[in-house]
Amino acid sequence: MKQLDHMLEVKDMKTHFYTEKGMIPAVDGVSFHVDEGELVGIVGESGSGKSVTALSIMNLIEQPGKIVDGEILYNGEDLLQVSEKKMESIRGNDISMIFQEPLTSLNPVLTIGKQITEAIRAHQKVSKKEAKKQAIDLLHRVRIPRAESVYSSYPHVLSGGMRQRVMIAIALSCHPKLLIADEPTTALDVTIQAQIMQLLKEISKDIGAAIMLITHDLGVIAEMVDRVIVMYGGKIVEQTDVHTLFKSPEHPYTKALIESTPRFHTLEDEFYSIQGSVLQTHESIQGCKYEPRCPYAMDVCKKEEPLLEDMNEGHKVRCWLHDQ
Ligand code: SF4
């Protein structure tokens, strides 16, 4: 049997949106992988394509969007070629997703217990009694105090942090191999953010699940992940291990992101912010997508887009400054 290189391998994926303003290449030829148990972060400003990348992997892109090219190999099987029934089973049993705002993901008219037991029973043939036992175990596992009482509560009576813990419990109910977390703590206050991130990290280690963390926050990346993918304008602009990213970032956009993150910026008297505005998704730029904001831009940057090139082992950069 052929040895698989990676658990998840995304190859040259393109997801486009067809709007009145024209075609928007929200994800424009993205390739990366996630291995078993690995913690991988995708970072970028809003509009970089990071959330569309996550939704594409889950096959949850809706009109007017469409995945137009590429492969999404999960254990060697292309998720773009499987039936909707098979994809539903993969979404339930192998890959789970946690979204930014748990209140919109939870059903307001069903109790927490009902929602977790439904998730359990959708993927396992167990009695109602056994599903309830598993649901309460899961609530304990995500460290919800008074789990039995929360089991009978409705979502609106819980705090944002508790609701996100419930969402994590639901995501874990199928024992996923990969958990995709899209800005899971953005709506929460800072202390709760740290607790939820710590919980995610511990649980992924416990159950051996990989995490793909989508965030705009480099502080979260620094604490959570092993490997980082930086996206801008629908493309990967830098990819490396977390240590190298912070020690020797190479792409001007990565450097600017680090400088503009309060806890990393090195200027003593002035807070740095990235010049210019985020590339509007309908803007068509022939050369490097970052050129209008880049302080190092050269003539070639306007005319031709650089490729994502290997600098060192596992460190890839898309920038003419590093062209061999
Ligand atoms: Fe800046 Fe040019 Fe590099 Fe783009 S290719 S990031 S414009 S130096």
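A brief report on the enclosed structure follows. (Residues numbered from 1 in each chain as written. Predicted model: local features only at pLDDT ≥ 70, side-chain atom pairs only at ≥ 80, totals over all residues. Heavy atoms only, no water.)

**Structural notes on the packing of aromatic side chains**
What counts is decided by this rule: Pairing of aromatic rings covers Phe, Tyr and the six-membered ring of Trp, with a centre-to-centre limit of 6.5 Å; geometry is then stacked below 30 degrees between planes, edge-to-face above 60, and tilted otherwise. By the criterion adopted, a ring carries a charge over it if an Arg CZ or a Lys NZ lies within 6 Å of its centre and within 35 degrees of its normal.
What the rule picks out here adds up to three aromatic pairs. By the ring-pair criterion, three or more aromatic residues cluster together here, those being Tyr232, Tyr253 and Tyr290. Geometry around Tyr296 places Lys255 over its ring, the cationic atom sitting 6.0 Å from the centre.

**Some points on the pattern of salt bridges**
As a reminder, the rule being used: Think of a salt bridge as a Lys or Arg side-chain nitrogen and an Asp or Glu carboxyl oxygen that are within 4 Å of each other. In DSSP terms, a helix is any run of H or I states spanning at least four residues, a strand is any run of E spanning at least two, and both are numbered starting from the N terminus. Under the scheme applied here, a residue whose accessible area is under 20% of the maximum for its type counts as buried, over 50% as exposed, and between as partly exposed, the area being computed with a 1.4 Å probe on protein chains only.
With the rule as written, the count across this model stands at 13 salt bridges. The partner of Lys302 in a salt bridge is Glu291, and the shortest N-O contact between them spans 3.2 Å. Highlighted residues: Lys302 in helix H12 (residues 299–303) and Glu291 in the loop between helix H11 (252–259) and H12, separated in sequence by 11 residues. Residue Glu291 is classed as buried on the basis of its relative accessible area of 15%. Residues participating in the shared-partner salt-bridge network are Asp28, Lys235, Lys289 and Glu305.

**Let's talk about the sheet that holds strand E11 (residues 309–312)**
Just so we agree on the cut-off: Strands pair, by our definition, only if DSSP identifies at least two bridges between them. What counts as an axis is a line fitted to C-alpha atoms, over the stretch in contact for a helix, and the angles between N-to-C directions run from 0 to 180 degrees. Residue contacts are defined here by distance: any two heavy atoms, one from each residue, within 4.5 Å place the two residues in contact.
Read from one edge to the other, the open sheet built from eight strands follows the order E6-E7-E8-E3-E9-E10-E12-E11, with strand pairing classed as mixed. Taken across any chain shown, the strands that pair with only one partner, and hence form the sheet edges, are strand E6 (95–98) and E11. Pairwise comparison of adjacent strand axes, ignoring direction, gives a mean angle of 20° for this sheet. As paired elements, E6 and strand E7 (residues 178–182) share four bridges and run parallel to each other. Across the sheet, residue Ser96 finds its bridge partner in E7, namely Leu179. Its contacts with the sheet place H11 against strand E9 (227–232) and strand E10 (235–241), and it is angled at close to 105° to E9.

**Some thoughts on the nonpolar core**
One recurring pattern in soluble globular proteins is that nonpolar side chains are buried together. To be explicit about the condition: Buried Ala, Val, Leu, Ile, Met, Phe, Trp, Tyr and Cys residues that are joined via side-chain atoms within 4.5 Å together make up what is termed a nonpolar core.
Counting residues in each nonpolar core, the largest one holds 56 residues, and the members touching the most others are Ile116, Val166, Ile168 and Leu200. Ranked by residues supplied to this core, first place goes to helix H7 (residues 160–172) with seven residues. Those residues within four positions of Ile116 in sequence are excluded, and the remaining contacts are Ala135, Leu138, Leu139, Val166, Ala169 and Ile170. In this structure, Val10, Leu178, Ala210 and Met212 belong to the second largest nonpolar core, which totals 35 residues.

**Focus: the packing of H7 against helix H8 (residues 190–207)**
To characterise two packed helices, one gives the angle between the axes of the helices and the distance between these axes. Note the following rule: The cut-offs work like this: below 35 degrees is roughly parallel, past 145 is roughly antiparallel, 65 to 115 is roughly perpendicular, and the gaps in between are oblique. Here a crossing is taken to be left-handed if its near helix is turned anticlockwise relative to the far helix by less than a right angle, and right-handed if that turn runs clockwise. By the convention adopted, Pro, Cys, Tyr, Trp, Phe, Met, Ile, Leu, Val and Ala count as nonpolar, Lys, Arg, Asp and Glu as charged, and the other residues, Gly among them, as polar.
With their axes 10 Å apart at the nearest point, H7 and H8 run at an angle of 15° to one another. Taken together, the axis directions place H7 and H8 in an arrangement best described as roughly parallel. The chirality of how H7 crosses H8 is right-handed. Contacts between H7 and H8 involve Gly161, Gln164, Arg165, Ile168 and Leu172 from the former and Ile192, Gln195, Ile196, Leu199, Leu200, Ile203 and Ile207 from the latter. Of the residues contributing to the contact of H7 with H8, the split by class is eight nonpolar, three polar and one charged.

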